[in-house]
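Overview (structure and organization)
For reference, the chains in residue letters:
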Amino acid sequence: MQKILVARSIFPDVIDRLKQYFDVDWNEGDVLPADELKRRLADKDGALTAGDMIDAGVLAAAPRLRVVSNMAVGYNNFDMAAFNAANVLGTNTPDVLNESTADFGWALMMAAARRIAEAEHWLRAGHWQKWSYDGFLGSDLYGSTLGVIGMGRIGQALARRAQGFDMRVIYHNRSRVAPQIEAELNAEYVSKQDLLRRADHVVLVLPYTKDNHHTIGAPELALMKPSATLTNIARGGIVDDAALADALRDRRIASAGLDVFEGEPQLHPALLDVPNVVLTPHIASATEATRRAMANLAADNLIAGLGVGPRAGQPPNPINPDVLGKARS
Ligand code: DGY
């Protein structure tokens with residue numbers, strides 16, 4: 001029987017599915033440090049990860065490893081050049097999380113615009129004595145301009161929600177989406193600078209790559225309206241969190257909603273000191289149904305990628321399909 005490592009705690013029934021095909025080493029505890037990850041991968045044919053860093057060093061320590069299945073759509077934790085060099089297949093879990101993640105982005109953007117977390121903390125702290133005409137004034141979503149940076153599947157799901165709020169949608173993306181999608185979403189392609197100047201609410205939904213590091217830093221924040229909000233449901237590192245904390249403290253933008261952070265689960269300490277930011281612990285895809293769908297899709301990818309089960313050899317979401325069928329090097 002082939003051996004796999006499940007590097008994170010996941011639904012036990014998904015582990016039971018995997019046990020039908022594999023000898024499973026399951027880490028139910030804390031995130032494995034790199035050395036321990038290497039030690040436990042040394043005799044494995046496959047792995048199921050969720051954000052664990054898999055680079056050339058890890059692959060070199062795991063000479064039998066042929067498939068690594070990430071339970072996430074984002075796979076910036078995989079060094080894909082190293083995967084290709086070693087003929088190791090990487091897989092991810094796109095699509096099944098689009099709507100839950102867009103819902104959450106919407107919730108975070110609304111919470112930031114309407115100052116929901118800030119008001120709730122104030123109320124819990126016992127400060128509420130009377131209704132006041134200017135208590136926690138925020139900004140409207142309805143009828144405003146939404147700026148989406150990263151118009152992939154989740155960005156498009158956000159843009160569809162904007163139609164119900166009668167919003168103008170402007171977007172920036174590495175490349176322009178097809179004209180029929182633009183028409184369907186009533187979305188206008190603009191430069192990043194133009195988007196930052198015009199949008200009332202900016203949402204980040206782009207993948208993390210070296211080129212996207214600090215896509216939003218001090219110069220970009222300086223272009224935004226003082227009344228604007230910024231929501232990040234993409235990845236830590238896309239925003240310069242220190243520059244954002246400064247801009248929030250100085251009210252150079254109105255507020256932010258952040259689900260992802262540079263160096264998470266650590267946070268830039270200055271973010272904890274500013275009231276006008278809503279902070280959540282990387283939960284945009286966290287509904288019961290969606291996390292189950294992601295876990296099962298990650299299992300499907302691993303089972304098929306390792307050549308067993310009903311779709312043997314045809315995993316649903318290969319990131320680097322060119323390595324399929326090649327011998328491990
Ligand atoms: C994803 O799927 O990439 C989510 O951010 C969870 O990591």
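Cut-offs used in this document
Residues numbered from 1 in each chain as written. Predicted model: local features only at pLDDT ≥ 70, side-chain atom pairs only at ≥ 80, totals over all residues. Heavy atoms only, no water. Pairing = 2+ DSSP bridges. Helix = DSSP H or I, 4+ residues; strand = E, 2+ residues; numbered from the N terminus. Axes fitted to C-alpha atoms, helices over the stretch in contact; angles between N-to-C directions. Contact = heavy atoms within 4.5 Å. Near = heavy atom within 4 Å. Polar contact = N/O pair within 3.5 Å; in protein donor to acceptor, adjacent residues only side chain to side chain. Areas by Shrake-Rupley, 256 points an atom, 1.4 Å probe, with all protein chains shown as cover. Nonpolar A, V, L, I, M, F, W, Y, C, P; charged D, E, K, R; others polar. UniProt positions renumbered as here; feature names shortened; annotations may be inferred. Salt bridge = Lys/Arg side-chain N within 4 Å of Asp/Glu carboxyl O. Buried < 20%, exposed > 50% of the residue type's maximum accessible area, 1.4 Å probe, protein only. Domains from an automatic or database assignment. Buried area = accessible area lost by both parts, 1.4 Å probe. Phe/Tyr/Trp six-rings, centres within 6.5 Å; stacked < 30°, edge-to-face > 60°.

- In the annotation of an unreviewed UniProt entry, the protein is listed under the name D-glycerate dehydrogenase and assigned to Paraburkholderia sprentiae WSM5005.

1. Some details on the sheet that holds strand 4 (residues 67-70)
- Strand order in this open sheet of 5 strands is 2-1-3-4-5, and the pairing throughout is parallel. Across the chains shown, the open sheet's two edge strands, defined by having one partner strand only, are strand 2 (23-26) and strand 5 (89-91). Direction aside, the axes of adjacent strands within the sheet are offset by 15 degrees on average.
- Helix 2 (residues 34-41) rests against strand 1 (3-6), strand 2 and strand 3 (46-49) of the sheet, and its axis sits at about 160 degrees to strand 1.

2. Considerations on the site of the ligand
- Lining the immediate surroundings of the ligand are Ala72, Val73, Gly74, Leu97, Arg235, His282 and Met294.
- In the model, an oxygen atom of the ligand is placed 2.7 Å from a nitrogen or oxygen of the Val73 main chain.
- The contact in question runs from an oxygen atom of the ligand to an N or O atom on the side chain of Arg235, over 2.7 Å.
- When the ligand sits alone it has 230 Å² of accessible area, and the protein chains cover 83% of it.
- Across the shell around the ligand, the residue classes tally to 4 nonpolar, 2 polar and 1 charged.

3. Considerations on the UniProt feature "domain: D-isomer specific 2-hydroxyacid dehydrogenase NAD-binding" (unreviewed entry) in the protein
- The UniProt record annotates "domain: D-isomer specific 2-hydroxyacid dehydrogenase NAD-binding" (unreviewed entry) at residues 107-284.
- Taken end to end, residues 107-284 has its terminal C-alpha atoms 10 Å apart, with 35% of it in helix and 16% in strand.

4. Focus on the pattern of salt bridges
- Under the counting rule described, the total for this entry stands at 25 salt bridges.
- For Arg292, the salt bridge identified is with Asp13, shortest N-O distance 3.1 Å. Of this pair, Arg292 sits in helix 13 (residues 288-305) while Asp13 is found in helix 1 (residues 12-19), placing the two residues 279 residues apart along the sequence.
- Residue classification places Asp13 among the partly exposed residues on the basis of a relative accessible area of 36%.
- Here Asp250 ties to Arg252 by a salt bridge, and the two come within 3.2 Å at their closest N and O atoms.
- With a relative accessible area of 39%, Asp250 lands in the partly exposed category.
- Salt bridges sharing partners connect three or more residues here, namely Lys3, Asp25, Glu36, Arg39, Arg40, Asp43 and Lys44.

5. Comments concerning the UniProt feature "domain: D-isomer specific 2-hydroxyacid dehydrogenase catalytic" (unreviewed entry) in the protein
- Mapped onto this numbering, the UniProt entry gives "domain: D-isomer specific 2-hydroxyacid dehydrogenase catalytic" (unreviewed entry) at residues 4-307.
- The distance from the first to the last C-alpha atom of residues 4-307 is 13 Å, and the span holds 38% helix and 15% strand.

6. Side note on the side chain of Ser100
- Residue position: Ser100 is located in helix 5 (residues 98-113).
- Overall, the relative accessible area of 14% leaves Ser100 in the buried class.

7. Considering the domain arrangement of the protein
- What the domain assignment reports for the protein is domain 1 (3-96 + 288-323) and domain 2 (98-279).
- At the interface, 7 residues of domain 1 touch 5 residues of domain 2.
- Roughly 550 Å² is buried in total at the junction of domain 1 and domain 2, and carbon and sulfur atoms are behind 37% of that figure.
- If you sort the residues of domain 1 by the area they bury against domain 2, Asn76, Asp95 and Thr290 come out on top, with a joint share of 71%.
- Our count for the contact surface shared by domain 1 and domain 2 stands at 1 salt bridge.
- A salt bridge links Asp95 to Arg153, with the nearest nitrogen and oxygen atoms 3.5 Å apart.
- In this structure, the connection of domain 1 to domain 2 is made through 4 residue pairs in polar contact (both at pLDDT 80 or more).

8. Some remarks on the pairing of strand 4
- The side-chain alternation of strand 4 yields two buried faces, one formed by Val67 and Ser69 and the other by Val68 and Asn70.
- Pairing of strand 3 with strand 4, which is carried by 4 bridges, proceeds in the parallel orientation. Considered in strand 4, the bridge of Gly46 is made with Val67.
- Across 3 bridges, strand 4 lies against strand 5 in parallel orientation.

9. Structural notes on the packing of aromatic side chains
- Taken as a whole, this structure holds 5 aromatic pairs when the rule is applied.
- Centroid distance Trp106 to Phe165: 5.0 Å. Interplanar angle 55 degrees. Geometry classified as tilted. Taken together, the residues span a long stretch of sequence, with Trp106 in helix 5 and Phe165 in the loop between helix 7 (153-164) and strand 7 (168-172) at a distance of 59 residues.
- A residue is classified by how much of its surface remains accessible, and Trp106, at 7% relative accessible area, is buried.
- Judged by centre distance (5.2 Å) and plane angle (70 degrees), the ring pair of Trp122 and Phe136 falls under edge-to-face. In this pair, Trp122 is assigned in helix 6 (residues 116-124) and Phe136 in the loop between helix 6 and strand 6 (145-149), connecting sequence segments 14 residues apart.
- Take Trp122: its relative accessible area is 31%, and that puts it in the partly exposed class.
- Judged by its relative accessible area of 24%, Phe136 falls in the partly exposed class.

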